[in-house]
Amino acid sequence: QVHLVESGGGLVQARGSLRLSCQISGGTLNSYTMGWFRQVPGKEREFVAAVSWIGGNPSYADSVKGRFTLFRDNAKNTVYLQMNNLTPEDTSVYYCAGRRGSDVRTRVVSYDYWGQGTQVTVSS
(Lines give C-alpha, C1' and ligand atoms only; values in the text may rest on other atoms or scores of the structure.)
Protein backbone atom coordinates (compact mmCIF):
# COMPACT_ATOMS: atom_id res chain seq x y z
CA GLN A 1 0.00 0.00 0.00
CA VAL A 2 1.26 3.45 -0.89
CA HIS A 3 2.02 5.84 1.93
CA LEU A 4 3.03 9.48 1.74
CA VAL A 5 4.80 11.21 4.62
CA GLU A 6 5.37 14.96 4.64
CA SER A 7 7.97 16.83 6.65
CA GLY A 8 9.58 20.23 6.79
CA GLY A 9 6.76 22.43 8.02
CA GLY A 10 7.22 24.95 10.78
CA LEU A 11 7.12 28.58 11.77
CA VAL A 12 8.86 31.16 9.61
CA GLN A 13 8.80 34.94 9.31
CA ALA A 14 7.36 36.68 6.30
CA ARG A 15 9.73 36.73 3.31
CA GLY A 16 11.42 33.62 4.66
CA SER A 17 11.71 30.17 3.09
CA LEU A 18 10.82 26.59 3.87
CA ARG A 19 11.29 23.32 2.03
CA LEU A 20 8.67 20.63 2.40
CA SER A 21 9.45 17.00 1.66
CA CYS A 22 7.16 14.13 0.83
CA GLN A 23 8.53 10.62 0.83
CA ILE A 24 6.60 7.80 -0.78
CA SER A 25 6.71 4.22 0.42
CA GLY A 26 5.01 1.15 -0.94
CA GLY A 27 5.51 2.41 -4.46
CA THR A 28 8.00 4.13 -6.72
CA LEU A 29 7.80 7.86 -7.17
CA ASN A 30 8.27 7.71 -10.93
CA SER A 31 4.94 5.88 -11.27
CA TYR A 32 2.82 8.70 -9.86
CA THR A 33 1.88 12.24 -10.68
CA MET A 34 2.61 14.16 -7.50
CA GLY A 35 0.98 17.26 -6.16
CA TRP A 36 0.87 19.62 -3.20
CA PHE A 37 -2.31 21.06 -1.76
CA ARG A 38 -3.05 23.24 1.23
CA GLN A 39 -5.96 23.84 3.52
CA VAL A 40 -6.90 26.29 6.25
CA PRO A 41 -9.71 25.63 8.73
CA GLY A 42 -13.13 26.36 7.30
CA LYS A 43 -11.94 26.42 3.69
CA GLU A 44 -11.65 23.85 0.95
CA ARG A 45 -8.36 22.19 0.20
CA GLU A 46 -6.71 24.04 -2.66
CA PHE A 47 -4.22 23.12 -5.33
CA VAL A 48 -0.68 24.43 -4.98
CA ALA A 49 1.51 22.58 -7.49
CA ALA A 50 1.86 19.27 -9.32
CA VAL A 51 4.12 17.45 -11.74
CA SER A 52 3.51 14.45 -13.95
CA TRP A 53 5.48 11.24 -13.51
CA ILE A 54 6.36 11.37 -17.20
CA GLY A 55 8.23 14.61 -16.66
CA GLY A 56 7.66 18.08 -17.98
CA ASN A 57 7.36 21.35 -16.15
CA PRO A 58 5.34 21.49 -12.95
CA SER A 59 2.06 23.37 -12.83
CA TYR A 60 1.46 25.98 -10.14
CA ALA A 61 -1.44 27.88 -8.68
CA ASP A 62 -1.28 31.56 -9.62
CA SER A 63 -0.92 32.50 -5.96
CA VAL A 64 2.43 30.72 -5.67
CA LYS A 65 3.94 31.12 -9.14
CA GLY A 66 7.40 32.56 -9.02
CA ARG A 67 7.76 31.81 -5.30
CA PHE A 68 7.28 28.04 -4.99
CA THR A 69 9.16 25.32 -6.82
CA LEU A 70 8.20 21.67 -6.98
CA PHE A 71 10.86 19.13 -7.82
CA ARG A 72 11.29 15.42 -7.41
CA ASP A 73 14.17 13.09 -6.69
CA ASN A 74 13.17 9.68 -8.00
CA ALA A 75 16.26 8.05 -6.52
CA LYS A 76 15.14 9.13 -3.05
CA ASN A 77 11.45 8.50 -3.75
CA THR A 78 10.85 12.04 -2.54
CA VAL A 79 9.11 15.12 -3.91
CA TYR A 80 9.88 18.58 -2.58
CA LEU A 81 8.16 21.94 -2.40
CA GLN A 82 10.59 24.80 -2.06
CA MET A 83 8.71 27.85 -0.76
CA ASN A 84 10.35 31.26 -0.94
CA ASN A 85 9.21 34.77 -0.09
CA LEU A 86 6.49 33.40 2.15
CA THR A 87 3.62 35.59 3.27
CA PRO A 88 1.10 35.17 6.12
CA GLU A 89 -1.44 34.16 3.46
CA ASP A 90 0.62 30.99 2.88
CA THR A 91 -0.13 29.83 6.42
CA SER A 92 -1.87 26.48 6.04
CA VAL A 93 -1.61 22.74 6.42
CA TYR A 94 0.19 21.43 3.36
CA TYR A 95 -0.63 18.02 1.95
CA CYS A 96 1.28 15.85 -0.46
CA ALA A 97 -0.82 13.84 -2.89
CA GLY A 98 -0.27 11.22 -5.58
CA ARG A 99 -2.29 9.94 -8.48
CA ARG A 100 -1.76 7.05 -10.86
CA GLY A 101 -2.60 9.00 -14.01
CA SER A 102 0.07 10.79 -15.99
CA ASP A 103 -1.71 14.09 -16.47
CA VAL A 104 -1.58 16.88 -13.93
CA ARG A 105 -4.87 17.55 -12.18
CA THR A 106 -5.79 20.36 -9.81
CA ARG A 107 -8.84 18.82 -8.17
CA VAL A 108 -8.65 17.02 -4.84
CA VAL A 109 -10.85 14.16 -6.06
CA SER A 110 -8.36 13.32 -8.82
CA TYR A 111 -5.73 12.11 -6.35
CA ASP A 112 -5.54 8.60 -4.98
CA TYR A 113 -3.11 8.96 -2.09
CA TRP A 114 -2.62 11.59 0.58
CA GLY A 115 -0.16 12.35 3.32
CA GLN A 116 -1.12 13.41 6.82
CA GLY A 117 -0.22 17.07 6.27
CA THR A 118 2.36 19.38 7.72
CA GLN A 119 1.66 22.79 9.27
CA VAL A 120 3.27 25.90 7.81
CA THR A 121 2.86 29.13 9.76
CA VAL A 122 4.15 32.43 8.45
CA SER A 123 4.32 35.32 10.89
CA SER A 124 4.14 38.94 9.80
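Parameters and conventions
- Residues numbered from 1 in each chain as written.
- Predicted model: local features only at pLDDT ≥ 70, side-chain atom pairs only at ≥ 80, totals over all residues.
- Heavy atoms only, no water.
- Core = buried A, V, L, I, M, F, W, Y, C linked by side-chain atoms within 4.5 Å.
- Buried < 20%, exposed > 50% of the residue type's maximum accessible area, 1.4 Å probe, protein only.
- Helix = DSSP H or I, 4+ residues; strand = E, 2+ residues; numbered from the N terminus.
- Contact = heavy atoms within 4.5 Å.
- Pairing = 2+ DSSP bridges.
- Phe/Tyr/Trp six-rings, centres within 6.5 Å; stacked < 30°, edge-to-face > 60°.
- Lys NZ or Arg CZ within 6 Å of the ring centre and 35° of its normal.

Draft legend 1. How the structure looks around the nonpolar core. Counting residues in each nonpolar core, the largest one holds 34 residues, and the members touching the most others are Trp36, Leu81, Met83 and Tyr94. If you list the elements that add at least two residues to this core, you get strand 3 (18-25), strand 4 (33-39), strand 5 (46-51), strand 7 (68-73), strand 8 (78-83), strand 9 (92-99) and strand 11 (118-123). For this core, the element with the most residues is strand 5, which contributes 5 residues. Residues contacting Tyr94, with those up to four places away along its chain left out, are Glu6, Leu20, Trp36, Phe37, Arg38, Val48, Phe68, Leu81, Met83, Gly117, Thr118 and Val120.

Draft legend 2. Representation of the pairing of strand 8. Within strand 8, 6 of the 6 residues are buried, which leaves it mostly tucked inside the rest of the structure. The alternating pattern of strand 8 places Thr78, Tyr80 and Gln82 on one face and Val79, Leu81 and Met83 on the opposite face, and all of these are buried. The pairing of strand 3 with strand 8 spans 6 bridges and is antiparallel. If you follow Gln23 over to strand 8, its bridge partner there is Thr78. Sheet analysis places strand 7 next to strand 8, joined by 6 bridges and oriented antiparallel. Each bridged residue has a counterpart across the sheet, and for Arg72 the counterpart in strand 8 is Val79.

Draft legend 3. Broad picture of the packing of aromatic side chains. Taken as a whole, this structure holds 6 aromatic pairs when the rule is applied. When the ring of Tyr32 is compared with that of Tyr113, the centres are 5.7 Å apart and the planes differ by 90 degrees; the resulting orientation is edge-to-face. In this pair, Tyr32 is assigned in the loop between strand 3 and strand 4 and Tyr113 in strand 10 (residues 113-114), connecting sequence segments 81 residues apart. Members of the aromatic cluster, joined through ring pairs, are Phe37, Phe47, Tyr111 and Trp114. The ring centre of Tyr80 lies 6.0 Å from the NZ or CZ of Arg19, which sits over that ring.

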